[in-house]
Amino acid sequence: VETARGIMPHTKAADMEEVAPPMSHRAPPARPSGRPAPPPEPDLKSSTDVNVQTRALSQTMDGKADGKPGLTWRDDSTVAANGKGGVHVLESRAVKHLFTVIRNVVTPHELFRLHARRLMRLLAEEGIASLPTTAKTIYTACGTYQGETLPPPTSVCAVSIVRAGDALLSELLLAWPSVSVGKVFIQRDEATAKPKLFYEKLPPKIADKHVLLLDPMLATGGTAMMAIKCLVARGVIPSRIVFLNVVSCPQGIANVHKEFPDVKIVTCEIDEGLNAKSYIVPGLGDFGDRFFDTTE
């Protein structure tokens, strides 16, 4: 059973009754003594109902009256129902202070790398959790727990956009080392802001896999769209692609979803936009140069 993943918004105690499963759907209490009975088969309908009631916030792009992209919120259950990708923004109290360090122009390389890795660990886990899940009931020491399982690692591929994407790939592999890995090398022409494909190496059966596409920065979206085109050309279904990035902007999100509306984007923060040079504002500079200490 595929279920949309997201983060439960804060609710009052009275609101919690609205999202709680009906009594008939709740797990039975633990047996008082003896060996516990085997877990019951998951109720597919009830697991879907509970998921739909769990209102997870995802950001999507809508047009404003002035023609510029704006941000609205959409329920992840709607995303799952209509097959659209949507945008999920990472929610963690750690994000703000980590960004305060890595966005600072005077932060030295060592501190930038340390705090960027901490932030990307959170992003990697959130991206993994955005994959489809299957409901599963397990027994704990004191009762039952209604959980879920991820797809098997053999059905998932992490694809990094070289070079900056390799930094995010390292953190993802720490969390899930058994997934397969693909590489695409796309370099942006700084004069035209247009991407150019130099190299790709993908697993032979990638068309059958879910893909976690990795690149820390989403600016114009040109690089991401070229990478997605490479994946689609190899048979990957766009709705099975989750694009992870540290910093994004409205223009890049709108461009990606204009061509690939079913791709889901998971990002740490959405910045104000792009300047005349197509750099993200406020941004954090060139992520690859700052992470790998190649700043001139």
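Up top you'll find the structure we're talking about.
None of the values given here were measured: they were computed from a predicted structure. (Residues numbered from 1 in each chain as written. Predicted model: local features only at pLDDT ≥ 70, side-chain atom pairs only at ≥ 80, totals over all residues. Heavy atoms only, no water.)

S.K.: Would you take a moment to explain the nonpolar core for this structure?
M.R.: Generally speaking, nonpolar side chains in soluble globular proteins are found buried as a group. Core analysis: the largest hydrophobic core is formed by 36 residues, its most contacted members being Phe99, Leu172, Leu212, Leu244 and Phe287. Residue assignment for this core shows that the elements contributing at least two residues are α4 (94–102), α5 (109–129), β6 (156–162), α6 (164–175), β9 (210–214), β11 (241–248), β12 (264–270) and α9 (287–292). Here leucine 244 is in contact with Leu123, Ala124, Gly127, Leu168, Leu172, Leu212, Leu213, Leu214, Asp215 and Val266, once residues within four sequence places are set aside. Counting 24 residues, the second-largest nonpolar core is a separate cluster that includes Val159, Ile186, Leu218 and Ala224. (Core = buried A, V, L, I, M, F, W, Y, C linked by side-chain atoms within 4.5 Å. Buried < 20%, exposed > 50% of the residue type's maximum accessible area, 1.4 Å probe, protein only. Helix = DSSP H or I, 4+ residues; strand = E, 2+ residues; numbered from the N terminus. Contact = heavy atoms within 4.5 Å.)

S.K.: Looking at this model, I keep getting lost on the pattern of salt bridges. Mind explaining?
M.R.: By the definition in use, this model includes nine salt bridges. A salt bridge links glutamate 269 to arginine 103; the shortest N-O distance between them is 2.8 Å. Linking glutamate 269 in strand β12 with arginine 103 in the loop between α4 and α5, this pair joins segments that are 166 residues apart in sequence. Residue arginine 103 is joined to aspartate 271 by a salt bridge in which the shortest nitrogen-to-oxygen separation is 2.8 Å. (Salt bridge = Lys/Arg side-chain N within 4 Å of Asp/Glu carboxyl O.)

S.K.: Any chance you could explain the pairing of strand β5 (residues 144–149) here in plain terms?
M.R.: A regular strand places its side chains so that they alternate between the two faces of the sheet. Relative to β5, strand β4 (residues 134–139) runs antiparallel, the two being bridged by six bridges. Bridge pairing links alanine 135 to glutamate 148 in β5. Where β4 hands over to β5, the hairpin turn is made up of four residues, counted between the paired strands. (Pairing = 2+ DSSP bridges.)

S.K.: What should I look at first to understand the environment of valine 162 in this one?
M.R.: Counting through the fold element by element, valine 162 comes out in strand β6. For valine 162, a relative accessible area of 24% corresponds to the partly exposed category. As for valine 162 and leucine 214, which are separated by 52 residues in sequence, their C-alpha atoms are 9.0 Å apart. Among residues more than four places away in sequence, those in contact with valine 162 are Lys183, Val184, Phe185 and Ile186.

S.K.: What should I look at first to understand α4 in this one?
M.R.: Spacing of three or four residues puts side chains on the same side of an α-helix, whose turn is 3.6 residues. When α4 is considered as a whole, its buried residues turn out to be Val95, Leu98, Phe99 and Ile102. Projection of α4 onto a plane perpendicular to its axis shows the buried side chains occupying an angular sector of 100 degrees, all on one side. Residues of α4 that are exposed and angled more than 90 degrees away from the buried face: Lys96 and Thr100. (Arc of directions from axis to C-beta.)

S.K.: What is the right way to read the packing of aromatic side chains from this model?
M.R.: Aromatic ring pairs are defined here through the distance separating the ring centres and the angle between the ring planes. Here the structure, examined in full by the defined rule, presents four aromatic pairs. A network of ring pairs unites the aromatic residues Phe112, Phe287, Phe291 and Phe292 as a single cluster. Its end group placed over the ring of phenylalanine 99, arginine 103 keeps NZ or CZ at 4.4 Å from the ring centre. Against the face of phenylalanine 291 rests arginine 113, its NZ or CZ located 5.0 Å from the ring centre. (Phe/Tyr/Trp six-rings, centres within 6.5 Å; stacked < 30°, edge-to-face > 60°. Lys NZ or Arg CZ within 6 Å of the ring centre and 35° of its normal.)

S.K.: What exactly am I supposed to notice about the packing of helix α7 (residues 222–233) against helix α8 (residues 250–259) here?
M.R.: Any two packed helices are characterised by how steeply their axes cross, that is the angle between the axes, and by the distance between the axes. Taken N-terminus to C-terminus, the directions of α7 and α8 make an angle of 25 degrees; their axes are 9 Å apart at the nearest point. The orientation of α7 relative to α8 falls into the category roughly parallel. α8 is crossed by α7, and the crossing has right-handed handedness. Seen from α7, the contacting residues are Ala224, Met225, Ile228 and Lys229; seen from α8, they are Asn255, Val256 and Glu259. Looking at the contact of α7 with α8, its residues break down into four nonpolar, one polar and two charged. (Axes fitted to C-alpha atoms, helices over the stretch in contact; angles between N-to-C directions. Parallel < 35°, antiparallel > 145°, perpendicular 65-115°, else oblique. Left-handed = near helix turned anticlockwise from the far one by under 90°. Nonpolar A, V, L, I, M, F, W, Y, C, P; charged D, E, K, R; others polar.)

S.K.: Please clarify how the side chain of aspartate 271 should be interpreted in this entry.
M.R.: Relative to the elements of secondary structure, aspartate 271 occurs in the loop between β12 and β13 (273–274). Taking relative accessible area as the criterion, aspartate 271 reaches 7% and is therefore assigned buried. Here aspartate 271 is in contact with Arg103, Val247, Ser248, Cys249, Pro250, Ile280, Val281, Pro282 and Gly283, once residues within four sequence places are set aside.

Remember, this is a structural readout, not a statement about activity or role.
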